[in-house]
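Architecture and fold: a report
So the chains spell out like this:
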Amino acid sequence: MLQFRYSMGRGSIFVFVIALIILLIGLVLAAGGAWLATLGGSWYYVLSGLGLIATGILLATHRRSSVWVYALIVLATVAWAFNEAGLNGWALVPRIVAPLVLLAVLLLTLPFLRPVSSWRAAVFLLAGLTMIAAMGAAGIALLAPRQGANSVPEMAARQMPDPSPLQPGADWPAYGGSYSARRYSPLAQIMPANVGQLKRAWVVNTGDLPSEHAKGTYGAETTPLKVGDSLYLCTPKNIIISLDPRTGKENWRYNPEVPDENIPYTAACRGLAYYSVPGVNSAQLCANRLLEGTLDARLIAVDAKSGQPCPDFGRAGTVDTTTGIGEHDPGMFSITSAPTIVRGIVVVGHQVLDGQKRDAPSGVIQGYDAVSGELRWAWDMARPDITVLPPEHETYTRGTPNMWTTASADEHLGLVYLPLGVSAVDYWSGSRSPAEKEFATSLVALDVTTGRPVWHFQTVHNDVWDYDLGSQATLVDYPADQGPVPALVLPSKRGDIFVLDRRTGKPLTPVEERPVPSGGVEPKQRAPTQPFSTFHTLRKPDLTEAMMWGMSPIDQMICRIQFRRASYEGFFTPPTSDRHSIEYPGYNGGSDWGGVAMDPRLGVLIANYNDMPNYNRLVPRAEADKLGWAPRDQARGKIGGAEGAGDPQAGAPYAIDVNAGWRLPVTGLLCKQPPYGGIRAIDLKTGKTLWDRPLGQARTNGPFGIPSMLPITIGTPNNGGSVVTAGGLVFIAASTDNLIRAIDIKTGRTLWTDRLPAGGQATPMTYSVDGKQYVVIMAGGHHFMETPVGDTLIAYALP
């Protein structure tokens, strides 16, 4: 027999290095695994750590038995992984991949180990263990999340009238297509049979890119409008641009020159509003006008044809919406969403910078005359006696819930539907007034002629989870047994979707008050129950230790330890200060500002969603002061980081530290297993899921911020919404893979993609001109989503 000789050469050094690495990994797993076991967690890590220690010691003495010991560890690991994770491919990755990689490295030491009786034994061992590795890798690849197998059943086309005066078709005249916010187009030239031929028709760069001061704050979330022969958009710093919809050639631009210091959390302009003045010759200046809210809280009106400011609107085309607000530091009080116009009234809400101080500017809602700019009414929920401006030397009530997102409206009913947020200081509720507790995290229907509430529906009682309503309510006709009912669909960050009668606010599908956890830092403030929709929820089951993830068993173990140490009692776990608490889903949804899309013919809702937890801790005031956490106007430092990561919440006993997405600090990977986002088709009549699939590939994601370049669907975080068409397609970007895709609405299959030059955190739109259908997306990226920032608007069409 051929014997291998043992020597202290290079091979011996190689073996020693590998042995040392295995020994160190074993020590980490054994120590961390022991800690996890004492917390009531899995015993796998301490046992595998001990096995690795034994492997490392045997390998250091060049013993062949080290390979056999590790082979047993791998076999046991595979058995444990499938027992704990089942057939979930992504859940198996951190459990199996790293051990298999280490196995491959260990096999390289075989020629230098003793005793080896023959080449045949070595080859047999090598072949056997390689087969194990290949089977494991193939199994993981095959078991990765796939698209849902269900499809939309064949249904008769339905009629669903839209009460909005602006209707999508050849045009896209409002942010959501119309003020019903269905994000639906009746265009059908592009369809599943030909969408694969879609090409870029034109590309435009807006020129609005962040200055050195504004880096880390940009998020170009705009959805353009198309009316007649013009396409209109706004840039992150509120530059309004008119383009030729055929070629992208610029007609004009208007720059309101917003200073960088007025950028709030994100420099964003989601959209514009278009208004035609009744009874005025269309050739007259500002007969057709565009209205925009700016980051410095101005309401601007410009002529749609020329871009000139409208002289009859406010002062030379501008209204200062901060009148009556009182003290507001730059960036604390902004407008980032498109105004909504109902019966000639421009309804405006504001983004009030989160997490800074209890004495923040008011969340007052204002209604302005669309022609003159005159303030017609104001709604201050805590001071209903204030109907326009507050008394002299007074201000609107400070710190009240605001509407930072977009309203929808019913022109026939004269109602505007306001998705409201939380009172200033999101994670502590001790000083909230009864009115704030009544209206926060509610959809409020205002009579647009008076500005007074007609009804409201609350989705979270006394919210301390930042579950503010970010999505527009979508107006539909609900197919009730007695016939169609004027309704609206209200998606929420918490994941529940509510269906309400839009005339009265009463639920059309059951809503149950269910017991929820109590305790936290304010046990007497916590509501004993919360409302749950039985119609549909985007929320997945509660987290378990087995759902923890990472790049390897080590960081998965770290996440398991964090899970076991945190306060977590499931949905609505109250915030705590003595240890972290887990909020699932986190403040990014569920459904966020992208909202849902609605195909009124099929009666199908399309909802993209996020599926990530936050890892939070309330930080006592003395500790926060020692860390130097202070409001924005008191040297808060560089803006633009993750929202809630060290927010001072001045005026409350606690600051807040939010680990958004619950990420590990070194690798940057999330502690929860994928998917982190998806897209789903829902039957409006029954609330049943028709198909559900992860949204987003892993190509731009990876440990340490290094893109993996893997074209594997993992389901990434997403921001932005979708548009559906009569052609049977769903167009959406939103995910962090920088792709725009067309999805077959009936099956959920992706039929076409294009790689964008920057992140597509915006909602696409579609229009036609000269009989040709176009699809347009803003590829501007987003700092929070960590996608590349750009200034590119892209139009697609068939050749």
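Attention in this report is confined to the structure presented alongside it. (Residues numbered from 1 in each chain as written. Predicted model: local features only at pLDDT ≥ 70, side-chain atom pairs only at ≥ 80, totals over all residues. Heavy atoms only, no water.)

Our next topic: the pairing of strand β6 (residues 250-254). Where a strand is regular, its side chains alternate between the two sheet faces. Pairing between strand β5 (residues 240-243) and β6: four bridges, direction antiparallel. Bridge pairing in β6 links Ile-240 to Tyr-254. What sits between the antiparallel neighbours β5 and β6 is a turn of six residues, in which Gly-248 has the positive phi angle 85°. (Pairing = 2+ DSSP bridges. Helix = DSSP H or I, 4+ residues; strand = E, 2+ residues; numbered from the N terminus.)

Ile-365, Trp-379, Leu-418 and Leu-420 are the most contacted members of the largest nonpolar core, which totals 62 residues. Counting residues in hydrophobic clusters, the runner-up holds 36 residues, among them Val-204, Ala-733, Met-765 and Ala-795. (Core = buried A, V, L, I, M, F, W, Y, C linked by side-chain atoms within 4.5 Å. Buried < 20%, exposed > 50% of the residue type's maximum accessible area, 1.4 Å probe, protein only.)

Right, let's get into the packing of helix α4 (residues 89-107) against helix α7 (residues 553-565). One way to put it is that α4 packs onto α7 with a least axis distance of 8 Å and a crossing angle of 150°. Relative to α7, the element α4 lies roughly antiparallel. Along the contact surface, α4 presents Pro-94, Arg-95, Ala-98 and Pro-99, while α7 presents Pro-553, Gln-556 and Arg-560. Of the residues that constitute the contact of α4 with α7, the class distribution is four nonpolar, one polar and two charged. (Axes fitted to C-alpha atoms, helices over the stretch in contact; angles between N-to-C directions. Parallel < 35°, antiparallel > 145°, perpendicular 65-115°, else oblique. Contact = heavy atoms within 4.5 Å. Nonpolar A, V, L, I, M, F, W, Y, C, P; charged D, E, K, R; others polar.)

Here Asn-719 is to be found in the loop between β34 (689-694) and β35 (722-725). Among the residues examined, Asn-719 registers a relative accessible area of 4% and is labelled buried. Once residues within four sequence positions are removed from consideration, Asn-719 is found in contact with Asn-588, Asp-592, Trp-593, Ala-734, Gly-760, Gln-761, Ala-762, Phe-784 and Met-785.

With that settled, consider the state of the cysteines. For the coordinates displayed, the defined rule picks out three disulfides. Covalently, Cys-286 is tied to Cys-310 through a disulfide, its sulfur atoms 2.1 Å apart. A torsion of -100° about the S-S bond marks the disulfide between Cys-286 and Cys-310 as left-handed. Remark: Cys-310 occurs in the loop between β9 (298-303) and β10 (318-320) and Cys-286 occurs in the loop between β7 (273-276) and β8 (288-293); sequence separation between them is 24 residues. Across this residue pair, the class does not change: Cys-286 and Cys-310 are buried. With a sulfur-sulfur separation of 1.9 Å, Cys-559 is cross-linked through a disulfide to Cys-671. Because the sign of the S-S torsion sets the handedness, a value of about -75° for the bond joining Cys-559 and Cys-671 places this disulfide among the left-handed ones. Highlighted residues: Cys-559 in helix α7 and Cys-671 in the loop between β32 (654-659) and β33 (677-683), separated in sequence by 112 residues. Residue classification places Cys-671 among the buried positions, given a relative accessible area of 0%. (Disulfide = S-S within 2.5 Å.)

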